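Tertiary structure, described
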Amino acid sequence: MPRCGVEWNGLRRRLSILAMSARSRDLPRRSCLSTPGATEKFLAKAPSVSADMTFLDLEDSVAPLEKVGARKKVVDAIKNLTWDDRVLCVRINAWDTEWTYGDVIEVVGNAGERLDEVMLPKVQSAAEVVALDLLLTQVEKNSGLPVGHIGIEAQIETARGLINVEEICAASPRLETVIFGPADFAASMEMPVLTGGVQVPEYPGDHFHYVFSKILMAGRANGLQVIDGPYLYVRDLDGLRDFARRTRVLGYDGKWALTPDQAAVLNEVYSPTQEQFDRAWDLLEAYRKATEEERKGAVMFGDEMIDEASRKMALKFVTRGERAGLSRSPSSEA
Ligand code: GLV
Ligand code: MG
């Protein structure tokens, strides 16, 4: 009986996810462009930057005295600028400020259907996500949006948020991504650094390895995309490329970009190469032939023994490559 209940809950969650924020849930997020919401110049430029996702920020890049005024600028940008099919998001202020509910009511209530998601920073508990979900439902009803239209991105950037990340990632079917915020996280942990999100040379290894892995597992266990935060040395593109490879190798979907140049680097780092993409396709075909025509579950593929797990890995490459716009080379298809 309890098992049946667990299965029913799982099925209910999967069905409700299908209905939620369907447009943006599976779109790529290799590069997530941060755009300060109070600055018209940056807002006007954002649609021309080649990024998979853009978020208009009402949080830490906006001064307290500009917070309320920025809401209208962000709404105007969403409604009046020409956005392509990228994921479009607004980062609201955290629940421990006085701005959160006003951000949601004013922005979600007036932006219209083009807004895909809101990002909630400094999430510390599942309850914060549930509170946002409930508020979104009321605002959607009052503004004529389909209920469930707006997805949620949750930023993990405090010690408490990391401790609770598993419950946070399971808190609402609106959740689409979980994001690591290295700068606030370093502050929360009282790390002796002044720049978040970069390598610490004194540490023999990757000082965020545990954090990256814990967030990744919690996100994947709940079907979320998992995103790395900003790299603050904006002129050091080689340093960005090097640092981004760490989360790419672990399995992250993408990373924040603070400039158009950073976005270009990230689009490359978080895409499979054409060679990897073609090899994944070849493997899938070889394995299909082996299982369906020869009735074998493990066969040689070049120098490698492949089985069902290899098929699953290859499928990830193909899905990721297709999301990044790759198609199979004609020579590989022959
Ligand atoms: C991003 O919000 C960060 O704190 O790194
Ligand atoms: Mg932050």
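The rules behind each value
- Residues numbered from 1 in each chain as written.
- Chains lettered and ligands numbered in written order.
- Predicted model: local features only at pLDDT ≥ 70, side-chain atom pairs only at ≥ 80, totals over all residues.
- Heavy atoms only, no water.
- Donors = N, O, S within 2.8 Å, 3.2 Å for Na, K, Ca; no water.
- Helix = DSSP H or I, 4+ residues; strand = E, 2+ residues; numbered from the N terminus.
- Buried < 20%, exposed > 50% of the residue type's maximum accessible area, 1.4 Å probe, protein only.
- Domains from an automatic or database assignment.
- Near = heavy atom within 4 Å.
- Polar contact = N/O pair within 3.5 Å; in protein donor to acceptor, adjacent residues only side chain to side chain.
- Areas by Shrake-Rupley, 256 points an atom, 1.4 Å probe, with all protein chains shown as cover.
- Nonpolar A, V, L, I, M, F, W, Y, C, P; charged D, E, K, R; others polar.
- 1 Å grid on protein atoms, 1.4 Å probe; cavity = no way out; pocket = protein on both sides within 12 Å on 5 of 7 lines; lining within 4 Å.
- Points joined across faces, edges and corners; volume = space filled by probe spheres on them.
- Core = buried A, V, L, I, M, F, W, Y, C linked by side-chain atoms within 4.5 Å.
- Contact = heavy atoms within 4.5 Å.
- Pairing = 2+ DSSP bridges.
- Right-handed = clockwise from strand over helix to strand, strands pointing away.

A few words on the coordination of the magnesium ion (ligand 2). Coordination sphere of the magnesium ion (ligand 2), protein contribution only: Glu 157 (OE) and Asp 184 (OD), at 2.1 to 2.2 Å. With Glu 157 in the loop between β5 (151-156) and α6 (159-163) and Asp 184 in helix α8 (residues 182-188), the pair connects residues that are 27 residues apart, well separated along the chain. The class for Glu 157 is buried, based on a relative accessible area of 2%.

What follows deals with the domain arrangement of the chain. Per the domain assignment, the segments of the chain are domain 1 (2-269) and domain 2 (274-333). Computed from C-alpha atoms alone, the centre-to-centre distance between domain 1 and domain 2 is 32 Å.

Around ligand 1, a shell composed of Arg 91, Gln 155, Glu 157, Gly 181, Pro 182, Ala 183, Asp 184, Pro 230 and Trp 256 is seen. The separation between an oxygen atom of ligand 1 and a polar side-chain atom of Gln 155 is 2.9 Å. At a separation of 2.9 Å, an oxygen atom of ligand 1 approaches a polar backbone atom of Asp 184. For ligand 1, the protein covers 93% of the area, taking 190 Å² as the surface of the free molecule. Looking at which element gives the most residues to the shell around ligand 1, the answer is α8, with 3 residues. Classifying every residue of the shell around ligand 1 by side-chain character gives 4 nonpolar, 2 polar and 3 charged.

This paragraph deals with the layout of surface pockets. What the largest pocket holds in volume is close to 730 Å³. Residue lining of the largest pocket: 24 residues in total, with Arg 220, Asp 253, Lys 316, Arg 320 and Arg 323 positioned closest to the centre. Of all the elements in the fold, those that place two or more residues in the lining of the largest pocket are α10 (237-250) and α13 (308-323). If you tally residues by element for the lining of the largest pocket, the top one is α13, at 6 residues. Here the lining of the largest pocket is built from residues that sort into 9 nonpolar, 6 polar and 9 charged. Both domain 1 (2-269) and domain 2 (274-333) contribute no fewer than three residues apiece to the lining of the largest pocket.

Our next topic: the nonpolar core. Judged by nonpolar contacts, the single largest core of 65 residues is most densely connected at Val 90, Val 108 and Ile 215. If we ignore the near neighbours within four places in the chain, the residues touching Val 90 are Leu 56, Leu 58, Val 74, Ile 78, Val 107, Leu 115, Glu 117, Val 118 and Met 119. Phe 277, Phe 301, Ile 306 and Val 318 belong to the second-largest nonpolar core, a separate cluster that totals 11 residues.

Another aspect to go through is the pairing of β5. Counting buried positions over the 6 residues of β5 gives 6, a clear majority of the element. As paired strands, strand β4 (residues 117-120) and β5 are joined by 4 bridges and run parallel to one another. Considered in β5, the bridge of Val 118 is made with Ile 152. Between the parallel pair β4 and β5, the chain is carried across by helix α5 (residues 126-143), and the sense of this crossover is right-handed. When β5 meets strand β6 (residues 175-180), the two strands line up parallel, connected through 5 bridges. For Glu 153, the partnering residue across the bridge sits in β6 and is Thr 177.

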